[in-house]
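Okay, here's what each chain looks like letter by letter:
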2 protein chains.
Amino acid sequence: MGATPPLSPLAPASFPKLPKIGGVRFATVQAGVRYSGRDDVMLATLSPGTTVAGAFTRSSTRSSAVLDCQEKIGVVSDAGAAFLVNSGNANAFTGRHGTASVKAVTEAASETLKLPESRIFTSSTGVIGEPLPHDRITAKLADLSGALSADGIETAARAIMTTDTFPKGAGTTVTIDGQQIHIAGIAKGSGMIAPDMATMLVYIFTDAVVDQPVLQSMVSALNNSTFNCITVDGDTSTSDTLLVAATGASGIRVTEDSVGFMQGLREVMLDLAHQVVRDGEGATKFVEISVTGASSDTDARTHAMAIANSPLVKTAIAGEDPNWGRIVMAVGKSGAPADRDTLSIWFGHIPVARDGWVDPDYREEEGALYMKQQDLTIHVDLGLGGGTSVVWTCDLTHGYIDINADYRS
Amino acid sequence: MGATPPLSPLAPASFPKLPKIGGVRFATVQAGVRYSGRDDVMLATLSPGTTVAGAFTRSSTRSSAVLDCQEKIGVVSDAGAAFLVNSGNANAFTGRHGTASVKAVTEAASETLKLPESRIFTSSTGVIGEPLPHDRITAKLADLSGALSADGIETAARAIMTTDTFPKGAGTTVTIDGQQIHIAGIAKGSGMIAPDMATMLVYIFTDAVVDQPVLQSMVSALNNSTFNCITVDGDTSTSDTLLVAATGASGIRVTEDSVGFMQGLREVMLDLAHQVVRDGEGATKFVEISVTGASSDTDARTHAMAIANSPLVKTAIAGEDPNWGRIVMAVGKSGAPADRDTLSIWFGHIPVARDGWVDPDYREEEGALYMKQQDLTIHVDLGLGGGTSVVWTCDLTHGYIDINADYRS
């Protein structure tokens, strides 16, 4: 990859202050997997009794680390656990070597951390097709173990970055029956895939007491309305990983019915998901696509994703062009039912098209002015039924081409 | 749209010399639908007894002209026929006004040309959502009718251009039992969609005698392996139209079994399809994606289209980067079955990856050298079954962003 891209214009002002989660400690180290002069391995340890849930890429060419994590999710254990993540090399499409590398890293971490191997969850992100120099990681395990601290979450967020232009963190505090539960998470990703398979990785921690099946069902459900609703370029990584750990340190139990906890967890997941879009490669606009009136929620999502992934829609947004015709095109090609003559479109609160034709009161200057905003909402109503969907994306700019057409170096 | 983009580096040296098709005459005129200083309406008339077959966009927001053509295809008539096409305005997403404009144009053409209205096929391409100033077209019908000539096919190809950087024509002569049948066609399109819904329009003429149902079944079948196998940006127009007219002037009858005619027609269709890709917005590379070893032809096509439409693959090609990891990613995300460990990839004849890992003999320099060519072939074998597919696409460059992020003017 070429020079580091400049800070995204959509980046937050600073890394947020996050609540500390009892039972979680972080350490990072310079292992020299690929990068030099920066931390590139992150360890998070989780106290005994922690439950772990996850969601993973559905790619059929997923990496060995993803396959390994998927096997371990749901294994019942009262032992502690650890997340071990390296940047610089994705260990993807490396065949049996990839599997051997995951084994080598998890075995060594199991020994150093005195944890069962089934409780070591690893992720790798960076170039693909190159063998992971796992010795460089295992050589640093003792250092990592000795450096663990409850305070290292921002440093951890930085160590897992690849082409990200800012570290991503989000947190919240939920009050249930007068008692506080904390949630904090970090993420990396600046595209569904950044150059050389830079992946979306997300690690979220809470001190709630949550049984694993309950946590898993919450994470799976919330993933569908958060991380599965963002797209930068429609491309899907071989390594996307979301892990959520509940340490139980607060002593407060959460069940299927804990609406407050679900809302808090969703808030953190959505915040991190939006930050990934805001760091979309070359992004200059953050765009919410809201579809209503579809025949079903599934159809609404099909339309929303067709709009969000259309290069013609995304370049029009980059050009601040209120080109609603391209939205009609995207709806038409999506494959889900649509009726040209019941279709309506809004830019923000501005009615642009109604019942199949331009709104009689719409003035192009008004649309053009709206498109100059950094955060945009495009609302499409199909006029067919009650199906709805919301997805988030960014524009497609010269910056995307600059980053992705660069020769790997 | 902004300034005219420069001639595509993939353009042919010149417009080809095409065989004249007995029974077909052309005329063009400056009607000022939107452009000034150039012809923007094209009329082609077809002698009595001509059969007409077609294929159209599957967009659910297709234009009134497309709906009108679809109704007329297959109507039995011994009368002559006409294709009437304007550039500058697509008459799409114009509600009942759109339908009224098609009616006004076809009625007037029917009267001027002394043809049944059911034999007037119209197309419109250009901006969408704006009413078609159809009076400007009907005002020129007498002029067009008076100017008809058997020689005007290149001029016709130019009159239907919107953001095309070169006019597109292709032809061939097929010998059957010592007798010659001629086929000639023109096309416009520089993306599945160019700015403001510039559509793919294709008109092909032959002097063969072909019954309408036979011609229709040939056109539908060949469309699946030609125009339906090209993609510039994965976007689909509201107006894509392919019309094929058989005038019968040669007196030579063609049946379902005429392999030679089928091959000739396919050659013309594929040539025009490739020219559309070669005029892809901002294109600098012409890329054939060949997929073999899939579980079915449908799966092979799903993989091929996922590769061809991946922004990460397309930007890598633009950057002359032999980034086979992005091809693995595209296969993985396509949704069709794939096994990471049986996947093989070639750039041209260079084996790059084999059985799930980089080929031991592959050298990156060799791949990098290959990627510098203007015409590229990427071959992926899934190692699962006998399914195959070939599609054609171009790269994604700054030129695409320049053309499509420009504010409409």
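All values derive from a computational prediction rather than experimental measurement.

A.B. asks: How do you make sense of the domain arrangement of chain A when you look at a structure like this?
C.D. replies: Often the size quoted for an interface is simply the accessible area lost on bringing the parts together. All names here are of chain A. What the domain assignment reports for chain A is domain 1 (24-278) and domain 2 (286-404). With 15 residues of domain 1 at the contact, the number on the domain 2 side is 15 residues. Summing the contributions of domain 1 and of domain 2, the shared interface buries around 1,200 Å²; its carbon and sulfur component is 57%. For the domain 1 face of the interface with domain 2, the top three residues by lost area are C229, T231 and R278, together amounting to 39%. Where domain 1 packs against domain 2, one counts one salt bridge. With a closest N to O distance of 2.7 Å, R278 and D375 form a salt bridge. Taken together, the links from domain 1 to domain 2 amount to seven residue pairs in polar contact (both at pLDDT 80 or more). Those elements that place two or more of their residues in the side of domain 1 that touches domain 2 are helix 6 (212-225), strand 9 (230-231) and helix 7 (259-278). Counting residues per element, the side of domain 1 that touches domain 2 draws most heavily on helix 7, which supplies four residues.

A.B. asks: Please explain the packing of helix 8 (residues 297-309) of chain A against helix 10 (residues 324-333) of chain A as it appears in this structure.
C.D. replies: Think of two packed helices as two axes; the pair is described by the angle between the axes and how far apart they sit. All names here are of chain A. Between helix 8 and helix 10, the least distance of the axes is 8 Å, while the angle of their chain directions is 130 degrees. Viewed along their axes, helix 8 and helix 10 adopt a mutual orientation that is oblique. Taken as a pair, helix 8 and helix 10 cross one another with a handedness that is right-handed. Facing H303, A306 and I307 of helix 8, the residues of helix 10 in contact are I327, A330, V331 and K333. Here the contact of helix 8 with helix 10 is composed, by residue class, of five nonpolar, one polar and one charged.

A.B. asks: Can you walk me through the relation of the copies chain B and chain A in this structure?
C.D. replies: Between the two copies, chain B and chain A, the superposition gives an RMSD of 0.0 Å; the rotation angle is 180 degrees and the shift along the axis is 0.0 Å. As the rotation angle and translation indicate, the two copies are arranged about a two-fold axis. Minimal C-alpha separation from the rotation axis in chain B is found for H398 of chain B, amounting to 2.9 Å. A shared interface surface links the copies, since 98% of the contact residues of chain B are contact residues in chain A too.

A.B. asks: I would appreciate a short explanation of the sheet that holds strand 8 (residues 201-206) of chain A in the present structure.
C.D. replies: Neighbouring strands of a sheet are bound in pairs by backbone hydrogen bonds; such pairs are parallel or else antiparallel. All names here are of chain A. Taken together, the five strands give an open sheet; going across it, the order is 3-10-8-7-6, and neighbouring strands pair in mixed fashion. On the outer flanks of this sheet lie strand 3 (51-56) and strand 6 (168-176), each paired with one strand and no other. Ignoring strand direction, the axes of neighbouring strands in this sheet form an average angle of 15 degrees. Pairing of strand 8 with strand 10 (residues 241-246), which is carried by six bridges, proceeds in the parallel orientation. Looking across to strand 10, one finds that L201 is bridged to T241. On the sheet, helix 7 packs against strand 6, strand 7 (179-188), strand 8 and strand 10 and is oriented at approximately 170 degrees with respect to strand 6.

A.B. asks: I keep staring at the interface of chain B and chain A and nothing clicks. Help me out?
C.D. replies: With 66 residues of chain B in contact, the opposing surface of chain A contributes 65 residues. Summed over both sides, the interface of chain B with chain A buries roughly 5,200 Å², with 59% coming from carbon and sulfur. Here chain B is connected to chain A by zero salt bridges. Secondary structure elements with two or more residues in the side of chain B that touches chain A: helix 1 (64-72), helix 2 (95-113), helix 9 (311-318), helix 10 (324-333), strand 14 (357-358), helix 11 (364-370) and helix 12 (398-404) of chain B.

A.B. asks: Help me understand the packing of aromatic side chains in this model?
C.D. replies: Given two aromatic rings, their pairing is described by the distance between the two centres and the angle made by the two planes. For the structure shown, the criterion picks out 10 aromatic pairs over all chains. When the centroid spacing of 5.9 Å and the interplanar angle of 85 degrees are considered together, the rings of F83 of chain B and F121 of chain B count as edge-to-face. Pair noted here: F83 of chain B is in strand 4 (residues 81-89) and F121 of chain B is in strand 5 (residues 120-127), with a separation of 38 residues, a long-range link. A centroid spacing of 5.7 Å and a plane angle of 40 degrees characterise the contact between F83 of chain B and Y203 of chain B, whose relative ring orientation is tilted. A residue pair is termed long-range when its members are at least 10 positions apart, and F83 of chain B in strand 4 and Y203 of chain B in strand 8 (residues 201-206) qualify at 120 residues. Taking relative accessible area as the criterion, F83 of chain B reaches 0% and is therefore assigned buried. We classify Y203 of chain B as buried; its relative accessible area is 0%. Over the ring of F166 of chain A we find K168 of chain A, and its NZ or CZ is 4.4 Å from the ring centre.

About the criteria used
Residues numbered from 1 in each chain as written. Chains lettered and ligands numbered in written order. Predicted model: local features only at pLDDT ≥ 70, side-chain atom pairs only at ≥ 80, totals over all residues. Heavy atoms only, no water. Domains from an automatic or database assignment. Contact = heavy atoms within 4.5 Å. Buried area = accessible area lost by both parts, 1.4 Å probe. Salt bridge = Lys/Arg side-chain N within 4 Å of Asp/Glu carboxyl O. Polar contact = N/O pair within 3.5 Å; in protein donor to acceptor, adjacent residues only side chain to side chain. Helix = DSSP H or I, 4+ residues; strand = E, 2+ residues; numbered from the N terminus. Axes fitted to C-alpha atoms, helices over the stretch in contact; angles between N-to-C directions. Parallel < 35°, antiparallel > 145°, perpendicular 65-115°, else oblique. Left-handed = near helix turned anticlockwise from the far one by under 90°. Nonpolar A, V, L, I, M, F, W, Y, C, P; charged D, E, K, R; others polar. Least-squares fit on C-alpha atoms with pLDDT ≥ 70 in both. Pairing = 2+ DSSP bridges. Phe/Tyr/Trp six-rings, centres within 6.5 Å; stacked < 30°, edge-to-face > 60°. Buried < 20%, exposed > 50% of the residue type's maximum accessible area, 1.4 Å probe, protein only. Lys NZ or Arg CZ within 6 Å of the ring centre and 35° of its normal.

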